[in-house]
Structure formats: structure tokens, C-alpha cells
Amino acid sequence: MPRNSRRRFLQQASVAGMAVAAPNILGTLALAQTTAGSAPQPIRVDIDSRRRLAPLDRNLFGSFLEHLGRAIYEGIYDPGSNLSDANGFRKDVLDEVRKLGVPIIRYPGGNFVSGYHWQDGVGPKADRPRVLDKAWNTTDTNQFGINEFLAWSKLAGSQPLLGLNLGTGTPESAAALVEYCNIDKGTRWSDLRRKHGVADPWNVKTWCLGNEMDGPWQIGHMSATEYGEKATDAARQMHYVDPTLKLIACGSSNTNMPTYLEWDREVLEQCYDYVDAISLHRYYDNSKETGGASSKFLALNLTMDKQISEVAAVCDMVRGRRRSPKKLWLSFDEWNVWYRARSGPAVDGNKQTAPHLLEEVYNLEDALLVGGLINSLLRNSDRVRIGCLAQLINVIAPIMTNASGLYRQTIFYPYSWALQYAHGAALEVLVETPPTYDVEGMDPVSYIDVAGTSNPADGSTALFVLNRDLAKPRQLEINWEGQGAGQLVAAVVLTGTDLKASNGFDAPQKVAPQVADKPVTNGNRTKIEVPPRSYSVFQWGKAV
Ligand code: AHR
């Protein structure tokens, strides 16, 4: 087969790290499947910096802070602590988030937002009511509200992604919040903001029209048609106030919903013309979903690719039916591993303030899957513009605090690497005939999952490699097409012998990044070996 058509054929057959059913489809091409005793063959990976998917939106790696548990109170806001500044903001937490470089943060929920009245959280603190948050059965003192969040995110260097109450709230109250935040002066709500001591408008650009309104657990849950009409009304009123807003409609809250995709279609039939994007949510589980099998768990990021393509297909179907010139983008604004702290006392605040809720302790294999999920987001970045790791502090979070400090959970590292190394544009990475293993209910799963980015600003290239093989290292042979390899500038890996190992205040570095084995380059070929059970990032500078 001529080289070009062979390449095209392989590209059609292989989607980045996803395996093709190699023995059946590729016939004579050698399959480097490992069998006991045989040395695995290097896996060929073609990189071409000209084959860019789309410019990366920095907001692909955002995060989320909900009024839930100790995320806000005790997490980022703790006026009684000697670690806090004059605003009551925890300085160590703010520094950590600023250093991490989180581009956008969703707030204030989540389930919480569907019963939240934003007016309770503005104005003199002494006058703010203590209210019962019915989503998490928690007492909210309202000492932290919209202005505190917007001031905090500015200090953190993040953009806000504000959620609106479309449960008990009205479209009118949503538009009033836009007026409070974005209009300079001379109207009822903008003048109220000024009276509250905030002279300049915040100019919040991106808004979520409610949260998980398809879920029977959601306060104000309604049918798709009802929600579509309410979202349309809210969007219209909000646009009257500020026509520049970017609005995200609520999509299905997970892929197991009986109404999955049907909800999205019905909602978009109502509000397509008024919104810019639809949301996707998904939490990955290593108990019921996998039976605890690590090899299956590490393949679950492939279900994120599938969810993205299914929701995108619905958007495009509605677009086609409407003959609309507008193409919606996707906001994957809740994703993470979450299955342990998910029931009983872990989700019931017992009417306390700042109770310990959803304090999931993450282990090494959770971090490896988070790495895989980052790869999935990267290779879908032509469609997904916003992604939010849910959440950021204390609640299903990479950063945990107590009264005297903070520590980084295992999942902190792959997330921080995405922020540090993924710049420019995602690449169409071609993994040729990857060795695979079988997982019930899935297509053959590649042991290796590779994503890449190329930054035209400085000519650098980064590769993100998940090795799902629980027993063996894997060798990759990078074939640099169109350019040579530049100088290696970073090689880091997260790995270990114990997939269940986790960090804590007593052992904050038990699972921590290590320097990876240095790749060896010869001409336009680079050899890399990645250890079993690992997630690695390699970065090269501009090729000379
Ligand atoms: O992130 C925790 C919760 O998960 C959010 O409040 C909700 O939107 C989702 O179900």
C-alpha cells in the first residue's frame, strides 16, 4: 500500500489512543500484542505538528467550586484562620490555585445552585440570612457570595463561569444577576452592586443555564420541554441585558439517564437559537461500573470520547433540522472520578455549616484515569471548549485543606500537567496498530493512550501518554513527520507499584511525580519507554 494511502487508512481506522481491532482489520500488519515471555514491540506513534485539530481553548482545563461541604467555607474562605488575608481568603489556597493556573471556575453549583437566591449573598455581611441549602442539607451563612467569588477568582487569575438557578429561580432573577454583574450603572441592579461597594462591573461572559435539570434529584426538576422553554426565556432576558453573553444549556447529567440524548435533543429543539453550547457531566466509578477491575477502570476515558461524539451528533442533528448556520460547542463542566464518598453521611450535611462532604480520597489509579480523561479532552478539543474538573478544593478535589495547611491529592498531578504543558493546539496523533486487550462491553482497548499538543508560539510539542498495561513497560517509537524533534525540556511520570496508594496530611508525597526515563532521539525517530501503570508527559522545544 502506498505510504499516503496507508497513512489515511490507519487514520480512519484509529482514533488517537483508541485501539483498532488490529488483527481483523489490518490483516498482515504486525500486531505487537504482549504475551507472557515475549518482549513487546515498540508502538509506532506518528506526530506531525502541521496536523492540528484546533487551537486549544485554555478553558478546556477549568474547574469547579460549589457551596458544598468545605469547598467554599474552610476551603477558600476562612476568616477566622491565621492563614487568611483581610478578605478572609485562605492565602495558601489562593497561591496554590494561582500557581496551578486554573483558567475558568464554575460557581456556585452544582445541585446547590437550583435552590440558591443570589440576593442572599450580597450586601452587608451582617444582614445576610443563614439559609438551609436543601441540596446538601447544609446551613449556608451566605458570608461568601457572588462579589466575594468574583473578587477571589480575579486574585486567582481565573475567569468565572457562573451558574444560574433555573430550579426555584426565575428567568427574571437570572437577568437581574446579569444586570447586577455586568451593567455599569444607572439601573436598579447595577446601582445595587455599586451600593455594595463594587464600582466596576464584573463583565462575566459565560453562564450555565441551570444545573442537571434532567435529574429527579434536582431541586425544580422538570421535563425537557419545560426546561427548554425556561432556558429560552432566561437566555432572551439575559441577552436583553447583555447581548455578548455566552450561554450553556443543561444537557443530560450522565450517560445512564433513561433520557440520555433524548433530553438533549428536546432541549435543543426549544433553545438552539439562544444558546452557544450544551453541558456534559460524568463521574467515573471503579466499583459498580468496573467490578473493581483496574484494567477496565483505566479504559473508562474512552467512554468520555464516546459521550462527546454522541452529544455532538445530537447538536448537529438539531442544527441540520433547523438549517442553522450556528455550530454549538460542548461544555464538559463536571468530570472526575467519584464513587466512594457518594452516599450516606458523605452527602448529608446534617444542617451543619462546612460539613465534611464528598471528601473522596484519590489513589494512583484514579490519577492515571484522570490522565486518560485529559487525553480524551485534548483530542476532542475541536468541539469541547470548556471542561471543569469537579471540583477544586476539599470536595472531590485535587487540593485538600485543614486548619494548618493543604496537600495535593494524586489527581492534582495530571491536571496540573495539562495546565502546564498543553498549549497551542491539540494534534491528531496516530498510534499505529496498538496492542490491545479486551474489556467487556467495549471495543478492544489499546494499552497505550497518547495525546499531543503543538504550540506555534514557541514551536514546542508535548505528548501525554497513559500506559494501561498493569504489568509491563511499553516502548514507543515516535516518528516525527514534517519536523524533527526539538530538545527535550520535560519528562515527568506518575507511577508506582501500588495502584491503591494515596496521599494524605500524614504522607503528602506518597504518590508524587518522578523524572521519567529520558527519550532517545535519532534523526526523526524518538524512543520512549513508559513504565507499567503510568501517566507521563514529555515536552520538546522547537526543532532546529
Ligand atoms: O459535583 C457534585 C455534584 O455532582 C454536583 O452538585 C452535581 O451537579 C452533580 O451531580
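Summary of the structure given here. Since the model is a prediction, treat every value here as computed from it, not as a measurement.

**A few points about the overall build of the protein chain**
Helix and strand counts for the protein chain come out as 12 helices and 26 strands. The C-alpha radius of gyration of the protein chain comes to 24 Å, within 12% of the 24 Å expected for a compact globule of 544 residues. Judged by the C-alpha coordinates and their principal axes, the protein chain covers about 70 × 60 × 45 Å. For the protein chain, buried positions account for 60% of its 544 residues. Carbon and sulfur atoms form 50% of the exposed surface of the protein chain, whose accessible area is close to 20,800 Å². Charge-centre separation for the protein chain: the mean point of 57 positive side chains lies 5 Å from the mean point of 59 negative side chains.

**Observations regarding the sheet that holds strand β25 (residues 525-530)**
Within a beta sheet, neighbouring strands are joined by backbone hydrogen bonds and run either parallel or antiparallel to one another. The strand order across the open sheet built from five strands is β16-β1-β21-β25-β24, with neighbouring strands paired in mixed fashion. Strand pairing shows two members of the sheet lacking a second neighbour, β16 (430-431) and β24 (520-522), which therefore form its edges. Looking at chain direction, strand β1 (residues 43-48) and β16 are connected through two bridges and run antiparallel. For V45, the partnering residue across the bridge sits in β16 and is V431.

**Considering the pairing of strand β22 (residues 488-494)**
In terms of residue burial, β22 counts as a mostly covered element, since five of its seven residues are buried. For β22 and strand β26 (residues 534-540), the ladder comprises six bridges, and the chain directions are antiparallel. Among the inter-strand pairings, V493 is bridged to a residue of β26, identified as S536. Two strands pair when backbone bridges link them, and β22 and strand β23 (residues 514-515) are joined in this way by two bridges, in the antiparallel orientation. Bridged to V493 within β23 is Q514.

Quick notes on the rules
Residues numbered from 1 in each chain as written. Predicted model: local features only at pLDDT ≥ 70, side-chain atom pairs only at ≥ 80, totals over all residues. Heavy atoms only, no water. Helix = DSSP H or I, 4+ residues; strand = E, 2+ residues; numbered from the N terminus. Rg over C-alpha atoms; globule rule 2.2 N^0.38 Å. Buried < 20%, exposed > 50% of the residue type's maximum accessible area, 1.4 Å probe, protein only. Areas by Shrake-Rupley, 256 points an atom, 1.4 Å probe, with all protein chains shown as cover. Lys, Arg positive; Asp, Glu negative; His and termini not counted. Charge placed at Lys NZ, Arg CZ, Asp CG, Glu CD. Pairing = 2+ DSSP bridges.

Geometric values such as these leave the question of function open.
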